[in-house]
Amino acid sequence: MAGYDVVIIGGGPGGYNAAIRAGQLGLKAACVEKRGTLGGTCLNVGCMPSKALLHASELFAAAGTEFKTLGIEVQPKLNLPQMMKQKDESVAALTKGIEFLFKKNKVDWIRGAGRIAGQGKVEVTGDDGQVTTLEAANIVIATGSEPTPLPGVTIDQKRIVDSTGALALPEVPKRLLVIGAGIIGLELGSVWRRLGSEVTVVEFLDRITPGMDGETGKAFQRALTKQGMTFKLSSKVTGAKVGKAGVAVTVEPVAGGEAETIEADYVLVAIGRRPYTEGLGLESVGVSPDARGFIETDHFRTSAQGIWAIGDVIHGPMLAHKAEEDAVACIETIAGKVGHVDYNLVPSVVYTAPEVAWVGQTEEQLKAAGRAYKAGKFPFTANSRAKINHETEGFAKVLADAATDEILGVHIIGPQAAEMIGEYCVAMAFRAASEDIARTCHPHPTRSEAGRQAAMGVEGWTMQA
Ligand code: FAD
Ligand code: NAI
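All chains use their own residue numbering, which begins from 1 and follows the written sequence. Each chain is given a letter, starting from A, and each ligand a number, starting from 1, according to the order in which they appear as written. The predicted origin of the model limits local features to residues at a pLDDT of at least 70 and limits the giving and counting of side-chain atom pairs to 80 or more, whereas totals for whole chains, interfaces and linings rest on all residues. To obtain the side-chain values, all non-hydrogen atoms of the structure were used and water was disregarded.

Describing the sheet that holds strand β9 (residues 175-179)
Paired strands, in this sense, are two strands between which DSSP finds at least two bridges. Numbered from the N terminus, helices here are DSSP runs of H or I no shorter than four residues, and strands are runs of E no shorter than two. Taken in spatial order, the 5 strands line up as β8-β15-β9-β10-β11 in an open sheet, and their pairing is parallel. Each edge of the open sheet is held by one strand with a lone partner, namely β8 (160-161) and β11 (230-232). Pairing geometry for strand β10 (residues 198-202) and β11, over 3 bridges, is parallel. For valine 201, the partnering residue across the bridge sits in β11 and is phenylalanine 231. Should any heavy atoms of two residues lie within 4.5 Å, those residues are considered in contact. With axes taken as lines fitted to C-alpha atoms, and helix axes fitted only over the stretch in contact, angles between N-to-C directions fall between 0 and 180 degrees. Seen against the sheet, helix α7 (residues 183-194) touches β9, β10, β11 and β15 (266-269) and runs at an angle of roughly 175° to β9.

What to know about helix α14 (residues 448-459)
Take the residue count of a helix, subtract one, and multiply by 1.5 Å to get its expected span. For α14, built from 12 residues, the straight-helix expectation of 16 Å at 1.5 Å per residue is met to within 8% by its first-to-last C-alpha distance of 17 Å. Burial runs high along α14: 9 of the 12 residues are buried. Whether a residue is buried, partly exposed or exposed follows from its accessible area with a 1.4 Å probe, protein chains only, as a fraction of its type maximum: under 20%, in between, or over 50%, in that order. Buried within α14 we find Ser448, Glu449, Ala450, Gly451, Gln453, Ala454, Ala455, Met456 and Val458. On its buried face, α14 is in contact with β20 (373-379), α11 (384-388), β21 (395-401), α12 (417-429) and α13 (434-438).

A short note on the site of ligand 1
When at least one non-hydrogen atom of a residue lies within 4 Å of a molecule or strand, that residue is treated as near it. In the region of ligand 1, 39 residues are neighbours, and Gly14, Glu33, Thr41, Lys51 and Gly114 sit closest. Within 3.5 Å is the distance limit for a polar contact, defined as a pair of N or O atoms, with the added protein rule that one can donate a hydrogen and the other accept it, and that residues adjacent in sequence qualify only through two side-chain atoms. Here an oxygen atom of ligand 1 and a backbone polar atom of proline 13 are 3.3 Å apart. Burial of ligand 1 by the surrounding chains reaches 94%, relative to a free accessible area of 990 Å². Going through the elements one at a time, α1 (13-24), β2 (29-33), α2 (40-45), α3 (47-64), β4 (113-116) and α9 (320-334) are the ones with two or more residues in the shell around ligand 1. The protein chains shown are the only cover counted for residues, whose accessible areas, like all others here, come from Shrake-Rupley with a 1.4 Å probe.

So, the packing of aromatic side chains
To describe a pair of aromatic rings, you give the distance between the ring centres and the angle between the ring planes. Two aromatic rings from Phe, Tyr or Trp, using only the six-membered ring of Trp, form a pair when their centres are within 6.5 Å; if the ring planes differ by under 30 degrees the pair is stacked, by over 60 it is edge-to-face, and anything between is tilted. One pass over the full model with this rule turns up 0 aromatic pairs. Its guanidinium or amino end placed over the ring of tyrosine 266, arginine 159 lies 4.5 Å from that ring's centre, counting from NZ or CZ. Stacked on the ring of phenylalanine 395, the Lys or Arg lysine 377 has its end atom at 4.6 Å from the ring centre. By definition, being over a ring means that NZ of Lys or CZ of Arg is both within 6 Å of the ring centre and within 35 degrees of the ring normal.

Things to note about a nonpolar patch on the surface
Two joining distances apply to patches: 9 Å for like charges and 5 Å for nonpolar side chains (Val, Leu, Ile, Met, Phe, Trp, Tyr), and every residue must have over 30% relative accessible area and no salt bridge. Here, a salt bridge means any side-chain nitrogen of Lys or Arg that lies within 4 Å of a carboxyl oxygen of Asp or Glu. Side chains of Leu70, Ile72 and Val74 sit close together on the surface and give an oily, nonpolar patch of about 250 Å² of accessible area. Structurally, the position occupied by leucine 70 is in the loop between α4 (66-69) and α5 (80-104).

Examining the UniProt feature "domain: FAD/NAD(P)-binding" (unreviewed entry) in the protein
Following the UniProt record, one finds the feature "domain: FAD/NAD(P)-binding" (unreviewed entry) at residues 4-327. Secondary structure across residues 4-327 divides into 31% helix and 27% strand, with the first and last C-alpha atoms of the span separated by 17 Å. UniProt positions are given in the numbering used here, feature names are shortened, and annotations may be inferred rather than shown by experiment.

Topic: the UniProt feature "domain: Pyridine nucleotide-disulphide oxidoreductase dimerisation" (unreviewed entry) in the protein
The UniProt entry lists residues 346-454 under the feature "domain: Pyridine nucleotide-disulphide oxidoreductase dimerisation" (unreviewed entry), expressed in the numbering used here. In residues 346-454, the share of helix is 33% and the share of strand is 27%. The end C-alpha atoms are 21 Å apart.

Re the site of ligand 2
Around ligand 2, the structure places 23 residues, and the nearest of them are Glu187, Glu203, Gly272, Met318 and Val349. Between ligand 2 and isoleucine 183, the relevant distance is 3.2 Å, taken from an oxygen atom to a main-chain nitrogen or oxygen of the residue. Residue glycine 272 places a main-chain N or O atom 2.9 Å away from an oxygen atom belonging to ligand 2. Protein contact buries 79% of the 840 Å² of open area that ligand 2 shows by itself. The element contributing the most residues to the shell around ligand 2 is α7, with 4 residues. Note on residue categories: nonpolar means Ala, Val, Leu, Ile, Met, Phe, Trp, Tyr, Cys or Pro, charged means Asp, Glu, Lys or Arg, and polar means any other residue, Gly included. Taken together, the residues of the shell around ligand 2 sort by class into 15 nonpolar, 4 polar and 4 charged.

Listed below in structure tokens is the structure:
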């Protein structure tokens, strides 16, 4: 039996960052993880493998189309096993990297399923069934999330898959039906579309990617439609039957009306994720999740003394970098320092082509809040780097307070939007005015100049459009 300052249950971006920070601060820390590798959803079956396939499939598609414009004539040939292998190898290297960081920071990885067994106690059941009890002054729950199931559509990970299955399909589906036009559906739908699938996306709402700025979302849908994705909005899937020829999916208009059957070779269910607390023993410390399964916290403290929670299992965006922020703030609080996360400044990115990245408020949110704002928008068609690279799709948009000029939201659609958004996260953390960006020299020729021009647009003096 070992006495720890902190035992963390779950080894994803929340858990491993918490463990490493605890080690750095000199706390005696252990991380309990039941998967055979560290890194959680993100490294094993989420962010990293999806980005590996997005990168490879984007180059594959470009080799067949855009390369020609640049004077490079090749006939790309898909080697799907190799594409999957390089993804798996990168994932393995990343998860091993976390093991190395644990050793470096003197964090114990306790392999097995953790269960809280009353205040200050975590029981760990190893693969061999052996139970070890850990004693801890603080327990941090970082057990993450899992795909939300859809009644009537049973995931078999063969023909009807969730994101984990869609990251490892054995062949390119001729017809892929995606349920849910959220981030997973569009990222993984894009992967298979680029590799040759006909992709149909069924979405319950009348728009794709709810939460994204409306104007940006419309431009995004146009771009994906141009790439050959088909959208069936305001529609719901009521059943899916696996047969010899594939899957027969029943789709109905949300508003009522006739159902239709769509035949597909594979179906990806991506209608959201829900917090994961199965077998965690929350009842032993009197913590009950809310109606949607989230653990309620106040600055990461649960209702039970010495029990904390971070990442996907608590409220807020289900994103790896948010889990990481939670982790550092939670551990610093445990260590007697001041931990803080500004949830308004957690950026979002969809890693499709074009990429979409944003931080802060959307126009719809500002209107709903009755906040007077000014908008500046700059198209990449007028950006020299985009033009020279033949990558002119999209725009950058800056929203700023009408009176103070403080930047309230930034929305970028186009290649490398993800890399561009960081500048605005920093600017907004310093409560910059749009004029601060507008008057800051940016390197030429870069796509970042489009962001600056959008900020100049807020000031009313865009130079190039
Ligand atoms: P998780 O990463 O889910 O980790 C929880 C860990 O706890 C798991 O390893 C689990 O095995 C373990 N666990 C659970 N219960 C127990 C127990 N009782 N005992 C021991 N171990 C336990 N986010 C981004 O920011 N960018 C992206 O590009 C991105 N892409 C994604 C792509 C996909 C396909 C998916 C599914 C998700 C993606 N996400 C992305 C979301 C991101 O993966 C999550 O927000 C992030 O992993 C949450 O971190 P976490 O530590 O809270 O939980
Ligand atoms: P999501 O919440 O992004 O999107 C789900 C979509 O499904 C929504 O548009 C919703 O309206 C729709 N939907 C819900 N029920 C439906 C139904 N019955 N029929 C049809 N449509 C329905 O969830 P998603 O895509 O599953 O991703 C889960 C989370 O994982 C994301 O919210 C995000 O936090 C994280 N993620 C982040 C990534 C990134 O940062 N690039 C990449 C992938 C996942």
